[in-house]
Amino acid sequence: MATTRRDFLKSTLAATVLGGVGGVIPARAAKRSATDLVTLGKSGVQVTRLAFGTGTFSGRVQRELGQDQFTRLVRHAYDRGIRFFETADSYHGMPQMLAAALKGIQRDTYKLMTKYNTRDMENPRATIDRLRSDCGTEYVDILLLHCVRRPTWSEDLKKLQDEFSEAKSKKVIISHGASVHGLPALRSFPGNQWLDIAMIRMNHTGWKMDTEQMRDTDDLGKVDEVVAHTKKVHAQGAGVISMKLAGEGKFTNPADREAALQFAMNLGSIDAVTIGFKSTAEVDEAMERMNRVMNG
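This section reports on the structure supplied with the text. Everything numeric here is computed off the predicted structure, so don't read it as measured data.

**So, helix H4 (residues 94-102)**
Among the nine residues in H4, seven count as buried, and that is most of the element. Taken as a whole, H4 has its buried residues at Met94, Pro95, Met97, Leu98, Ala99, Ala101 and Leu102. Contacts from the buried residues of H4 go to helix H2 (60-63), helix H3 (67-79), strand E4 (84-86), strand E5 (111-117) and helix H5 (124-134). One or two positions beyond H4, positive phi appears at Gly104, with a value near 95°.

**Here we look at the packing of H5 against helix H7 (residues 158-169)**
Closest axis-to-axis distance for the H5/H7 pair is 10 Å, and the angle between their directions is 55°. Viewed along their axes, H5 and H7 adopt a mutual orientation that is oblique. In terms of crossing hand, the pair formed by H5 and H7 is right-handed. Residues Pro124, Arg125 and Ile128 of H5 touch H7, and the partners they reach there are Lys159, Leu160, Glu163, Phe164, Glu166 and Ala167. The residue inventory of the contact of H5 with H7, partitioned by class, reads five nonpolar, no polar and four charged.

**A few points about the packing of H3 against helix H11 (residues 280-295)**
In contact at an axis separation of 9 Å, H3 and H11 are set at 25° when each is read in the N-to-C sense. Classified by the angle between their axes, H3 and H11 sit roughly parallel to one another. Crossing of H3 over H11 shows right-handed handedness. Facing H3, whose interface residues are Leu73, His76 and Ala77, H11 presents Thr280, Val283 and Asp284. The class makeup of the residues in the contact of H3 with H11 is three nonpolar, two polar and one charged.

**Considerations on the environment of Gly249**
Relative to the helices and strands, Gly249 resides in the loop between strand E9 (239-243) and helix H10 (254-265). Between the C-alpha atoms of Gly249 and Phe277, which are 28 residues apart in sequence, the distance is 9.7 Å.

Reading the values: the criteria
Residues numbered from 1 in each chain as written. Predicted model: local features only at pLDDT ≥ 70, side-chain atom pairs only at ≥ 80, totals over all residues. Heavy atoms only, no water. Buried < 20%, exposed > 50% of the residue type's maximum accessible area, 1.4 Å probe, protein only. Helix = DSSP H or I, 4+ residues; strand = E, 2+ residues; numbered from the N terminus. Contact = heavy atoms within 4.5 Å. Axes fitted to C-alpha atoms, helices over the stretch in contact; angles between N-to-C directions. Parallel < 35°, antiparallel > 145°, perpendicular 65-115°, else oblique. Left-handed = near helix turned anticlockwise from the far one by under 90°. Nonpolar A, V, L, I, M, F, W, Y, C, P; charged D, E, K, R; others polar.

Here it is as structure tokens:
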């Protein structure tokens, strides 16, 4: 009987799948990239794995670039494929500088995260409107309670959470969550269903990570405990974004930066990371390094 083309294709496919030790060729894992779009848990928000941060030393490093140089830096990151930009109300002037840098770029081609100063309790709705205006946008993809520290933060900030939820229902914001500083607050993250997004400090040394203190210190954080809480938060469906990958600029040795990214990107519980940049070379290095450690 003559062999048909369909039979030939079937036999070729079978020969490709079968063979080697045990009769099956293992499938190669797809390469991961810093500019892959990943979904932040139950929020449904898709961002690139690498975010462009504007808060190095509360934005001082980025502010000192001046608007023209900062805009060139943001546009370079965008041209390289970064589609996630983050700022905060407390990074004085940076939301406005970021808005100017992104002006003219089609809004639905990137995601924007900003953070709400939790001391501003008087009129949250008006503050959310101002934050959107500062960022030059009709909506914010991610709005975080900035820098929660107390173990009772969820009860203390219930008014803000309710306003965030209302804003989300009106699509003024697309998702909400909190960034954390300190183990007392982080220990309450697992089980908190209000958190669409959790922003957690992470690196291999514990530098600028969470300690027992409810204030920032130079004490090394408890890496193992932070990792354990992070995994629980991620498992419950929250998107996890990590920060302090470069130890707030302390990791000047390339080997340390490599180790920090290697540690964070292979935990399996971090969706995206944010790094503050001051030069195009730093953007390029971070992207190349991320690509390498995720596929090594």
